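Structural overview for review
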Amino acid sequence: MNGEKLYFQMWHILKYMGTDQWQIKYNTLISLGLLKTSAPSRVVNVSSGAHHMGSLLNVDDLNYEKNPFPNSFVVYGRSKLANILFTKELSEKLRRTDVTANSVHPGVVYTEFLWKGETKLIEAILDLLVRLMGKDEKLGAQTSIYLAVSEEVNNVTGKYYVDCKDTKVSAAAKDAGLAKKLWEASEQLVKLRPEERHY
């Protein structure tokens, strides 16, 4: 699989499987038993306002094997849409537990992730714009920290937060049917075993 095919997986499935590209969401899923017995517990998934660019998410072609790879920005948007859909479906599966799951847009944070692989000119322009208008890591972390520890969101689940406020998502991010299909496709991609399902 070439780098383009891995791009979606890097931004979504990496959330599905811990510390490397395939571990984060996978570890969330296999840790659900522990999260439930340790309740109240919280899951916070980092997404992005770029999810608005991801409206054409095709769960039958997450690796772009059937259709051409569009471009890295579109795929990034689709992966961030996938993160919100995953979180919404996770919150539904945990509805009768004391485990909450929410997603967050940290804002445009000054990191190099945005422009890896771009041309030097685009890299320089993005670097300048983000330095001028973006947040540093501490400011970018505030909403994630808020969702992880604030008593104000004790029983809030399935929501999307920006700047510590519940915020509207795109129409595609509200699609419960798409969230369910993505969940099932993601389970297959990470080869989740029945004994690892704690929901």
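All of these numbers come straight from a predicted model, not from anything done at the bench.

Once that is clear, we can look at the overall build of the chain. Each helix and strand counted, the chain has seven helices and four strands in total. Taken from N to C terminus, the helices and strands of the chain fall in the order α-α-α-β-α-β-α-α-β-β-α. Relative to its 199 residues, the chain shows a buried fraction of 45%. Looking at the chain as shown, the accessible area adds up to about 10700 Å², and 56% of this sits on carbon and sulfur atoms.

This part covers the sheet that holds strand 4 (residues 165-166). Judged by pairing direction, the sheet is mixed, and its four strands sit side by side in the order 1-2-3-4 without closing on themselves. The open sheet has two edge strands, strand 1 (41-46) and strand 4, and neither has a second partner. The sheet strands contacting helix 4 (residues 72-93) are strand 1, strand 2 (99-105) and strand 3 (160-162), and the helix crosses strand 2 at an angle near 165°. The strands touched by helix 6 (residues 137-149) within the sheet are strand 1, strand 2 and strand 3, with strand 1 carrying the most contacts at an inclination of about 160°.

It is worth spelling out the nonpolar core at this point. Where a protein is soluble and globular, its nonpolar side chains tend to be buried together. If you look at the biggest cluster of nonpolar residues, it comprises 16 residues, and the most contacted ones within it are Leu57, Leu81, Leu85 and Leu182. Of all elements in the fold, only helix 4, strand 3 and helix 7 (176-190) reach the threshold of two or more residues within this core. Counting residues in each nonpolar core, the second largest holds nine residues, with Leu35, Val43, Phe86 and Leu94 among its members.

Take helix 6 next. In this model, helix 6 (13 residues) spans 18 Å end to end at C-alpha, consistent with the 18 Å of a helix rising 1.5 Å per residue. The principal kink in helix 6, of about 35°, is found at threonine 143. For helix 6, the complete set of buried residues consists of Gly140, Thr143, Ser144, Tyr146 and Leu147. Buried residues in helix 6 make contact with strand 1, strand 2 and strand 3.

So, how was this worked out
Residues numbered from 1 in each chain as written. Predicted model: local features only at pLDDT ≥ 70, side-chain atom pairs only at ≥ 80, totals over all residues. Heavy atoms only, no water. Helix = DSSP H or I, 4+ residues; strand = E, 2+ residues; numbered from the N terminus. Buried < 20%, exposed > 50% of the residue type's maximum accessible area, 1.4 Å probe, protein only. Areas by Shrake-Rupley, 256 points an atom, 1.4 Å probe, with all protein chains shown as cover. Pairing = 2+ DSSP bridges. Contact = heavy atoms within 4.5 Å. Axes fitted to C-alpha atoms, helices over the stretch in contact; angles between N-to-C directions. Core = buried A, V, L, I, M, F, W, Y, C linked by side-chain atoms within 4.5 Å. Expected span 1.5 Å × (residues − 1). Bend = angle between axes of the 7 residues up to and from the residue.

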